[in-house]
Amino acid sequence: MTSSGGDGGERLAPITYLPGADRPAVSNEPAYPTDEPVRWAVPLESSAAPFARDTGTGAPEPLRLSGGSEAESGESATIEAEDALTKRLRRSALSEREARAFLAQRDVDTSIIEATIERFVGRGWIDDAVLAEQLLHAGTTRKGQGRRAIAQALAARGIPRDIADAALADLPDDDAERALEYARSKAHGLRSYDMDTALRRLIGQLSRRGYGGSVASIAARTALTESRGGTGGVRFR
């Protein structure tokens, strides 16, 4: 969200952080690299139940309610579930399936799990579509993965098939180019091997990143030929 400043420009609205999270130091540098996708903001709704008691030491103390009626017992279990899941989300994002499994491992009642997940999804703290975009971005820009490996990563994280398909539909059909880029980054380290051995190793590396068949073979042969001073490499347009 933006608001108009006195100079007529637009300014970003302030972000409220998860309870107990460290706030970043003030800096003139961008908060994230410009080529990275923006991680969704995690607002703290004023109407949300309290997650922790302020101890005055900077470290939140989890609430623990004891005794009382069945309603109080259910409220205590709900607060503890939200507290545990919030702390887990401060480390890294989770899919809905991962969040359910996390709470189930702590013997949280099924009804409380579903209610907690619903609240967190409603607040935007858990978002399978955003997580899918982040995994796709990481796979293509940092890990050099092909479409098949990215699809497997999405499935492994519990991203629903329809959301995964929508994310992959936005992925350019450039496996050949990305395979060649990755192969070039590895070819120099294989110069001590003969061509056949280097080719087998590089094709294996490409296959493990989701590039198979002719895409891996052509990329590996092209990159190795270039690294050894050849000029007959295949180029993709």
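Anything mentioned here points back to the structure above.
Nothing here was measured: the structure is a model prediction, and the numbers come from that model.

(A) Looking closely at the nonpolar core. If you look at the biggest cluster of nonpolar residues, it comprises 16 residues, and the most contacted ones within it are Ala183, Leu202, Leu206, Ala219, Ala223 and Leu224. When residues of this core are traced back to their parent elements, those giving at least two are helix 7 (175-187), helix 8 (195-208) and helix 9 (213-227). Apart from residues lying up to four places away in sequence, Ala219 is in contact with Ala179, Leu180, Ala183 and Leu206. One finds Phe102, Ile113, Ile117 and Trp125 within the second-largest nonpolar core, a separate group that totals 14 residues.

(B) Quick peek at the side chain of Ser227. Position of Ser227 among the secondary structure elements: in helix 9. Among the polar contacts listed, one links the side chain of Ser227 to the backbone oxygen of Leu224, at a separation of 2.9 Å.

(C) How the structure looks around the pattern of salt bridges. Inspection of the entire model under this criterion finds 7 salt bridges. In this structure, Arg119 engages Glu82 in a salt bridge whose closest nitrogen and oxygen atoms are separated by 2.4 Å. With Arg119 in helix 3 (residues 110-123) and Glu82 in helix 1 (residues 70-91), this pair connects stretches of sequence that are 37 residues apart. Assessed through its relative accessible area of 2%, Glu82 is described here as buried. Linked by salt bridges that have partners in common, Glu96, Arg100 and Glu114 make up one network.

(D) The arrangement of the packing of helix 2 (residues 96-104) against helix 3 in detail. It is the contact of helix 2 with helix 3, at a shortest axis distance of 10 Å, that shows an interaxial angle of 140 degrees. Regarding the angle of helix 2 to helix 3, the classification is oblique. Crossing handedness for the pair helix 2 and helix 3: right-handed. Of the residues in helix 3, those touching helix 2 at Glu96, Ala99, Arg100, Leu103 and Ala104 are Ile113, Glu114, Thr116, Ile117 and Val121. Considering only residue class, the contact of helix 2 with helix 3 consists of 6 nonpolar, 1 polar and 3 charged.

(E) Highlighting the packing of helix 4 (residues 128-141) against helix 6 (residues 161-169). It is the contact of helix 4 with helix 6, at a shortest axis distance of 9 Å, that shows an interaxial angle of 45 degrees. It follows that helix 4 is oblique to helix 6 by the angle criterion. In this structure, helix 4 meets helix 6 at a crossing whose hand is right-handed. Where helix 4 abuts helix 6, its residues Asp128, Ala129, Ala132 and Leu136 lie against Ile163, Ala167 and Leu168. Across the contact of helix 4 with helix 6, the residue classes tally to 6 nonpolar, no polar and 1 charged.

Criteria and thresholds
Residues numbered from 1 in each chain as written. Predicted model: local features only at pLDDT ≥ 70, side-chain atom pairs only at ≥ 80, totals over all residues. Heavy atoms only, no water. Core = buried A, V, L, I, M, F, W, Y, C linked by side-chain atoms within 4.5 Å. Buried < 20%, exposed > 50% of the residue type's maximum accessible area, 1.4 Å probe, protein only. Helix = DSSP H or I, 4+ residues; strand = E, 2+ residues; numbered from the N terminus. Contact = heavy atoms within 4.5 Å. Polar contact = N/O pair within 3.5 Å; in protein donor to acceptor, adjacent residues only side chain to side chain. Salt bridge = Lys/Arg side-chain N within 4 Å of Asp/Glu carboxyl O. Axes fitted to C-alpha atoms, helices over the stretch in contact; angles between N-to-C directions. Parallel < 35°, antiparallel > 145°, perpendicular 65-115°, else oblique. Left-handed = near helix turned anticlockwise from the far one by under 90°. Nonpolar A, V, L, I, M, F, W, Y, C, P; charged D, E, K, R; others polar.

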